[in-house]
Structure formats: C-alpha cells, structure tokens
Amino acid sequence: MTIFEKIINGDIPSTKIYEDDSVIAILDIAPRAKGHTLVISKKVYPAIGDAPVELLSHMMEIVKKVDMKMRDALKADGTNVIINNSPASGQEVPHLHIHVIPRFNGDGISFFPPATSYADGEAKEYGDKLRI
Ligand code: 5GP
C-alpha cells in the first residue's frame, strides 16, 4: 500500500484542501514552498501511461483550481506543475500525483535540470523518434 493510499483511507493525517470521488488534494509534508500541494488520484496508477485519460484530464481540472487559488489566496505570481513520472524521474511515491508549487517573482527557486544541447543533426533524429 502506498503512503497516499494510507492518507486517502484516513490512516495517516493530512491537510486536505480538496476531495471528490476520484481525487484528493493535500499539502505536501515537506513543502518546496509553503502551500505546495499534491493532487492525487484516489485509485493507484504508478505512472501517467497507466492512467485513463479522463482521470488525467480531471486531475488537470483540479490543478487549475489549485493554481488559481494560489494566485488569489497566496498572491502567487505563478506555479510549477510537476509530475515525477516513474522512479527514473525522481518519483518517490509510485502513485500518480501532480505537484503544484506556488512561485513568486524573484524567489530564486529552480526546478528545471540544467540545459544540454544537440549535436548537428541530432535534433532531427530525436524528432523522428518521438513524432507521434
Ligand atoms: P514524488 O517524488 O513521488 O513526486 O513526490 C512525493 C511527495 O510526497 C514528496 O514531495 C513528499 O514530500 C510527499 N510526501 C511523502 N510522504 C508524505 C506524507 O506522509 N504526507 C504528505 N502530505 N506528503 C508526503
């Protein structure tokens, strides 16, 4: 059982800011900025590819509400919306969730990995491999 299932079941306390039949939103216990929220699927899907698109769409609807609330109630200037998708990406809890982190102009936080670059012709190769 994942830690988020225990939270959903009420076995572990959390600060809940939203709940419906398929999703909860709680404050992260180790916030990267105060108000850092996790929008969590109630049903366990380890990664995006495992989850139905209707659920993903609904989760984004809640992310939008959280983002708008952060701008209103916390006067956030922006948010980072992040999914760590499988352990290789840094995902610690194998249970689909979306981080929404309030950001403020000049707060100096950086979440993005440093930039790399393509060799000649390599962008085309990657484009060809990834075209959907
Ligand atoms: P991940 O690395 O899987 O994308 O993120 C997992 C997040 O869950 C981390 O930011 C971590 O702080 C948070 N977290 C882990 N355990 C708990 C907990 O018991 N309660 C709450 N509210 N958040 C947790």
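Note that the structure is predicted; figures quoted are calculated from it, not measured.

Caption draft 1: How the structure looks around the sheet that holds strand 4 (residues 78-82). Pairing within the open sheet is antiparallel, and its 5 strands lie in the order 1-2-3-5-4. Sheet topology places strand 1 (16-19) and strand 4 at the edges, where each strand pairs with a single neighbour. Sheet twist, expressed as the average angle between the axes of neighbouring strands with direction ignored, equals 20°. As paired strands, strand 4 and strand 5 (residues 97-103) are joined by 5 bridges and run antiparallel to one another.

Caption draft 2: Expanded view of the side chain of H95. Relative to the helices and strands, H95 resides in the loop between strand 4 and strand 5. Residue H95 is classed as buried on the basis of its relative accessible area of 0%. Within the structure, H95 has its side chain in polar contact with the backbone oxygen of S41 (distance 2.7 Å). Those residues in contact with H95 that lie beyond four places of it in its chain are T2, F4, E5, I8, I40, S41, K42, K43, V44, Y45 and P46.

Caption draft 3: Structural view of the site of the ligand. For the ligand, the set of nearby residues contains 17 residues, the closest of which are D28, E92, V93, H97 and H99. In the environment of the ligand, an oxygen atom lies 2.9 Å from a nitrogen or oxygen atom belonging to the side chain of R32. Sorting the residues of the shell around the ligand by element identifies helix 1 (3-9), strand 2 (23-27) and strand 5 as the ones contributing at least two each. In terms of residue count, the dominant contributor to the shell around the ligand is helix 1 (3 residues). When the residues that make up the shell around the ligand are grouped by side-chain class, the tally is 9 nonpolar, 5 polar and 3 charged.

Caption draft 4: Layout of the nonpolar core. Judged by nonpolar contacts, the single largest core of 16 residues is most densely connected at V39 and M59. Elements with a minimum of two residues in this core: strand 2, helix 2 (53-73) and strand 5. The element that contributes the greatest number of residues to this core is helix 2, accounting for 7 residues. Grouped together as the second largest cluster of nonpolar side chains are 7 residues, F4, I7, I40 and V93 included.

Caption draft 5: Here's a closer look at the pattern of salt bridges. Evaluated as defined, the whole model comprises 7 salt bridges. Look at the salt bridges and you will find they share partners, linking K16, E19 and K42 into a network.

Caption draft 6: Here's a closer look at the layout of surface pockets. Quantified by volume, the largest pocket comes out at close to 500 Å³. Lining the largest pocket we find 24 residues, and of these F4, D28, I29, R32 and L38 sit closest to its centre. For the lining of the largest pocket, the secondary structure elements donating two or more residues are helix 1, strand 2 and strand 5. Tallied by class, residues from the lining of the largest pocket come to 14 nonpolar, 7 polar and 3 charged. Lining the second largest pocket, in full, are I17, Y18, L27, G35, T37, I62, K65, V66, K69, M70, A73 and L74. Contributions of two or more residues to the lining of the second largest pocket are made by strand 1 and helix 2. For the lining of the second largest pocket, the leading source of residues is helix 2, giving 6 residues. Classifying every residue of the lining of the second largest pocket by side-chain character gives 8 nonpolar, 2 polar and 2 charged.

About the thresholds
- Residues numbered from 1 in each chain as written.
- Predicted model: local features only at pLDDT ≥ 70, side-chain atom pairs only at ≥ 80, totals over all residues.
- Heavy atoms only, no water.
- Pairing = 2+ DSSP bridges.
- Helix = DSSP H or I, 4+ residues; strand = E, 2+ residues; numbered from the N terminus.
- Axes fitted to C-alpha atoms, helices over the stretch in contact; angles between N-to-C directions.
- Buried < 20%, exposed > 50% of the residue type's maximum accessible area, 1.4 Å probe, protein only.
- Polar contact = N/O pair within 3.5 Å; in protein donor to acceptor, adjacent residues only side chain to side chain.
- Contact = heavy atoms within 4.5 Å.
- Near = heavy atom within 4 Å.
- Nonpolar A, V, L, I, M, F, W, Y, C, P; charged D, E, K, R; others polar.
- Core = buried A, V, L, I, M, F, W, Y, C linked by side-chain atoms within 4.5 Å.
- Salt bridge = Lys/Arg side-chain N within 4 Å of Asp/Glu carboxyl O.
- 1 Å grid on protein atoms, 1.4 Å probe; cavity = no way out; pocket = protein on both sides within 12 Å on 5 of 7 lines; lining within 4 Å.
- Points joined across faces, edges and corners; volume = space filled by probe spheres on them.

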